Every structure is written in C-alpha cells, then in structure tokens.
Amino acid sequence: MSSEVPVRVRFAPSPTGFPHLGNIRTALFNWLFARHHGGVFILRIEDTDVARMVEGATESILHSLKWLGLDWDEGPIFQSQRLDIYRGVSERLLKEGMAYHCYCSPQRLEEMRKEQMKRKQPPGYDRHCRNLTQEQKNEFEARGIVPVVRFKSPLGGQTSFPDLLRGEIVFGNSTLDDFVLLKSDGYPTYHLANIADDHDMEISHVLRADEWLSSTPRHILLYQALGWQPPQFAHLPMILGPDKSKLSKRHGATSVTEYEQQGYLPEALLNFLALLGWSLDDKTEIMSRDTIIENFSLERISKTAAVFNRDKLEWMNGVYIRSLNTEEFSRRTLPFLESSLPSEVSRPLDAGYVGRIIPLIQERARTLAEVPELTDFFFVDRLDYDSSLLLNKMEQGTAVAALRASIDKVEGLSNWAAMSLESVFRPLAEELKLKTGVFFGLLRVAVTGRTAAPPLFQTIEVLGEERCVRRLKAAMDKLKR
Ligand code: GLU
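Residues numbered from 1 in each chain as written. Predicted model: local features only at pLDDT ≥ 70, side-chain atom pairs only at ≥ 80, totals over all residues. Heavy atoms only, no water.

(A) Structural view of unusual backbone geometry. In this chain, Gly75 is followed by Pro76 through a cis amide linkage whose omega measures 0°. A positive phi is found at Arg127, a non-glycine position, where the angle reads about 65°. Topologically, Arg127 is positioned in the loop between helix H4 (106-118) and helix H5 (134-142). With a phi angle near 55°, Lys433 is a residue other than glycine that sits in the positive phi range. Within the secondary structure, Lys433 sits in the loop between helix H16 (418-431) and helix H17 (436-448). Of the residues examined, Lys433 reaches a relative accessible area of 74% and is grouped as exposed. (Helix = DSSP H or I, 4+ residues; strand = E, 2+ residues; numbered from the N terminus. Buried < 20%, exposed > 50% of the residue type's maximum accessible area, 1.4 Å probe, protein only.)

(B) Just empty space enclosed by the protein, in detail. This model, assessed by the stated rule, comprises 1 cavity of 30 Å³ or more. As a volume, the largest cavity reaches approximately 30 Å³. Lining the largest cavity are Val410, Trp416, Phe425, Leu443, Val447, Ile460, Cys468 and Leu472. (1 Å grid on protein atoms, 1.4 Å probe; cavity = no way out; pocket = protein on both sides within 12 Å on 5 of 7 lines; lining within 4 Å. Points joined across faces, edges and corners; volume = space filled by probe spheres on them.)

(C) Inspection of the pattern of salt bridges at higher detail. Scanning the model with the defined rule gives 36 salt bridges in all. Notably, a salt bridge pairs Arg44 with Asp198, separated by 2.8 Å at the nearest N-O pair. Here Asp198 lies in helix H6 (residues 190-200) and Arg44 lies in strand E2 (residues 40-45), a separation of 154 residues in the sequence. Under the relative-accessibility criterion, Arg44 is labelled buried at 0%. Beyond isolated ion pairs, a larger network of salt bridges with shared partners links Arg10, Arg44, Glu46, Arg82, Asp197, Asp198 and Asp200. (Salt bridge = Lys/Arg side-chain N within 4 Å of Asp/Glu carboxyl O.)

(D) A look at the layout of surface pockets. Approximately 1100 Å³ is the volume attributed to the largest pocket. As for the largest pocket, its lining consists of 47 residues, of which Ser14, Thr16, Asn23, Glu211 and Trp212 are closest to the centre. Among the secondary structure elements, those contributing two or more residues to the lining of the largest pocket are strand E1 (8-11), helix H1 (21-36), H6 and strand E9 (205-209). If you tally residues by element for the lining of the largest pocket, the top one is H1, at 6 residues. Class assignment of the residues belonging to the lining of the largest pocket gives a composition of 20 nonpolar, 15 polar and 12 charged. (Nonpolar A, V, L, I, M, F, W, Y, C, P; charged D, E, K, R; others polar.)

(E) Molecular detail of the site of the ligand. For the ligand, the full set of nearby residues is Arg10, Ala12, Pro13, Ser14, Glu46, Tyr190, Asn194, Arg208 and Trp212. In the model, a nitrogen atom of the ligand is placed 2.8 Å from a nitrogen or oxygen of the Ser14 side chain. One of the side-chain N or O atoms of Glu46 is found 2.6 Å from a nitrogen atom in the ligand. For the ligand, the accessible surface in isolation is 290 Å², of which the surrounding protein chains cover 87%. When atom positions are compared with the pocket grids, the ligand is found to occupy the largest pocket. For the shell around the ligand, a count of residues per class yields 4 nonpolar, 2 polar and 3 charged. (Near = heavy atom within 4 Å. Polar contact = N/O pair within 3.5 Å; in protein donor to acceptor, adjacent residues only side chain to side chain. Areas by Shrake-Rupley, 256 points an atom, 1.4 Å probe, with all protein chains shown as cover. Sits in = over half its atoms within 2 Å of the grid points.)

(F) Representation of the sheet that holds E2 within the structure. With respect to topology, 3 strands assemble into an open sheet ordered E1-E2-E3, the strand pairing being parallel. Both outer strands of the open sheet, E1 and strand E3 (74-78), are each paired with one neighbouring strand and no more. Along the sheet, successive strands turn relative to each other by an average axial angle of 25°, direction set aside. Here H1 sits on the sheet and contacts E1 and E2; the angle it forms with E1, its principal contact strand, is near 165°. (Pairing = 2+ DSSP bridges. Axes fitted to C-alpha atoms, helices over the stretch in contact; angles between N-to-C directions. Contact = heavy atoms within 4.5 Å.)

(G) Region of interest: H17. Between its first and last C-alpha atoms H17 spans 17 Å; for 13 residues at 1.5 Å apiece the expected length is 18 Å, and the two agree. Considered for burial, the residues of H17 that qualify are Phe439, Phe440, Leu442, Leu443, Val445, Ala446, Val447 and Thr448. Buried-residue contacts for H17 involve helix H15 (396-410), H16, helix H18 (456-463) and helix H19 (465-480). Gly449 sits one or two positions beyond H17 and adopts a positive phi of about 80°. (Expected span 1.5 Å × (residues − 1).)

(H) Just the environment of Thr448, in detail. Take Thr448: it is sitting in helix H17. Residue class for Thr448 comes out buried when judged on its relative accessible area of 3%. Taking the C-alpha atoms as reference points, Thr448 and Met112, 336 residues apart in sequence, are found 70 Å from one another. Among all residues touching Thr448, those that are not within four sequence positions of it are Phe377, Leu383, Ala453 and Thr459. Within polar-contact distance, the side chain of Thr448 engages the backbone oxygen of Arg444 at 2.7 Å. Only 3.1 Å separates the side chain of Thr448 from the backbone oxygen of Arg450, close enough to count as a polar contact.

Note that all results are geometric; they support no functional claim without further evidence.
Laid out in structure tokens, this is it:
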C-alpha cells in the first residue's frame, strides 16, 4: 500500500431502508481500513432518492454505527444539503459538451423499454435526445418540459480500472448507456452525487459492496470527463446465506438493530462481521477490536463470497458473554430483564438480587435476551408447572414424604449457603432411600418449576428460605390435589 496518499474513506449509505449486516460490514471494513492506516473515516448519507427514502432509516444507521463503536471523523454529511455542488458539476459537463438535456417523457421511455424487451435488445436509453437541434430544444422548453441531464457515454471502446481485490476490470462502452446525472426534480442521481462527493471529500479508497461494480465504469468515465483523479476501488465479496443465495430477510434477522434487540453484544457482532470476508490467518476466530485493527489489510480480504453462519455468531456471542465480569454482565442484562420478565414482577428490579442470580446462568446464556427466560422463576411469585414433572419415576406418596421431610429439615436452618444446604440434602436422600438424582430432580422442579435449571443448591441459596419453603409446600399441595 503506497503511503503517499493519506487514507480517506467513507461509508455512504442511502437511507432507503434499515441497515443490514451487509451494509454494516461495508462500514466496518472502511472503518478498519481507516483506523489501521491512521486515516479518516467519513460518514456520508446519500439521501437524494426522495421517493425511496424510509423514515427513521438515517437514525437507525447512526445508531447501529454508534452501537458497534464505529466512530466517524467527519460527518454525517447529507447529500440533500449539497445540491448546488452537483448542479454545478452537471452545468460544467453540459457546457463542455459531455452531457445533454433529455426531454423524453416517462411514457416514451416505458415504450422504448418494452420495445427493447420484445426485440431482446439490451435495456438502456436509446440516445433519442443526444443530437437535438436548437429548434427542437426550444420547442420542448416552450412546452414547459423540464429536462433531465444525461451523460454522453462514449459510443465505442472500453473503460477499465484496477480493482484492488479483483485486478483489472474491463467494460465495453457499448454496454453503458447515456445515464441520467440530474433528475427533473433537480436532485442528482447516485452516480453524479457519488463521484462529485468522492472527489470533493478527497476520498482515497472506495471499499464498497460488489453490487456496485457495474456502476464503476460509469464513475470512471465521469472522472475522465471532469479531469479528476479517481480514487482506488475495492469491491467487497458478497455475503451469502447458508443456502448460498444472497443474504436476505429469508435467512432471519438482517438489520443490526434486530441483533441488538436479540441480545448480541456489539463486540461479538463486530468480531463476527470482521470475519465475513476477512481473516487474520484462516484459524483465529476470537479477536479483540485492537487486534483486528492492527492486522486489517485488503490483502487478506477473500475474493470469494462469505457465508453467514448464525450458529457461529451465537457461539461467538456466548464466548463474549462468558468473558464479561459479573458486574458488567449484570449491567448489560438488566434492561432485558426489565423489559421481558412477566408484568407481575415489580419494577425496578432489585439490582442486588439480580447480581446474585446472573452468575448462575452466565455459562449457559448465548444471548442477553435469553436471560429472562432462563431466570424468570427467580422473580415470579407462583410457579406454573405440571405436577407430573415432580413425579419423575417416583410414587406420589414417596414424593410427598420427601417434600415433607425436606421442609422439616430446612425450615429455620441457620446457615442457608449452598454448601450447607447440600450437606443437609445429600444425607436426606440416603435417609429417604432415594437416588440423589431422583431426589434432587424433585427438589429442582419444586423450587424452579422446571427440569433444567442452574446448579440446584446455589439456586436454592439465592431463592432464599422463605421462597423455597413456600414452593416446597406448594409442590406438596399440587401432588395431593
Ligand atoms: N449509496 C450507496 C449505497 O447505499 C453507496 C455505494 C457506494 O459506496 O458507492 O450503498
């Protein structure tokens, strides 16, 4: 990588939808590239397609970037506030004979498209207005028709550019039509605004999704027409779903906010996204943000598509969850508990109590959103479960007697720590002539309402004497009923 050009990269989303993983992967790679080279990361909102704008999309983009810690050095810059710049560039191209006014009506363009389809011709503007006489132009103007501005693409020859990932890319100019630069509403198209800004903002490298590859020859032609030096391009590999089709809604959650809501940690998602198309050494999976920045390079971006693997993301999130200290894990989990525990549980939750529960499930949770479900029995007043769960391979009378004996042993117990509880219940199993597995299973269901729960004696300790004794009694009543 030549060190002469200062690295200036941009993330340039269009607010036509909520940012999905692919968009944010693009943002991440640009950010990593900037941070690795000590360069500048610019956020530019390409909001010139008024008809396709989605309310709240810009906020969601900013939020997703902030949540992941992808801080920008300049911006957000809104293209809608820079229309004069694009109009100026369009004027210049018109004046220099590189662009022309087109008065074709939408109906005419539609008919042209149908005709091309029928004749199996490639789609594209037929250059109808490219050589209008002044008289013809005057006539359209007199009728009050507002023209669009089109670029005069060369009729023959080739346009090529080096892609930093794919090598030399060559397009035949005959495949590029006279595309629109400025729409009749005065807004620029993507092509015009994109190159005008990349030039104005002195962008050194454009790292973008490979779906934009076919736009690049148009951009190169514009740079040439304007006498500007184009940036260097790298078109990033696609992200595919597990079925090897392009990642989309069908493959589950795609927007970054959905992952946030599902309890993924930003540091885990960042690590996961970095590996969608880049790798350190083909084997290291868990890497800190700093390690990724330090090692990030275009040379290690893969040329083939990356495959999204949700199981891997879940696994990775679990690894990151286990690496948090208890305090941090509690802090991050609290909002999920507050919002998802049953409404009967009174809020705000007792942070001290939460802090004792949380470590019991940290080993098992793969997402923060799973925590309420794994721990709700700690919070609710009454457990709702089927009494048959209590009777796992036991006679009803045996179970009732075991519960009775348990209550007698623990009511008023002076030391309610897990170790002391265990030293009460283990001998009791023997006394009752029950296998510990069977007896502890009964206790587990009685105090948690479920067959799988965190370690039994620690659970009983945290639940406390009052709640446990009440639950043991309720279990007895259930069986007698
Ligand atoms: N606005 C385009 C997008 O939404 C930008 C593409 C580019 O980076 O040039 O992806």
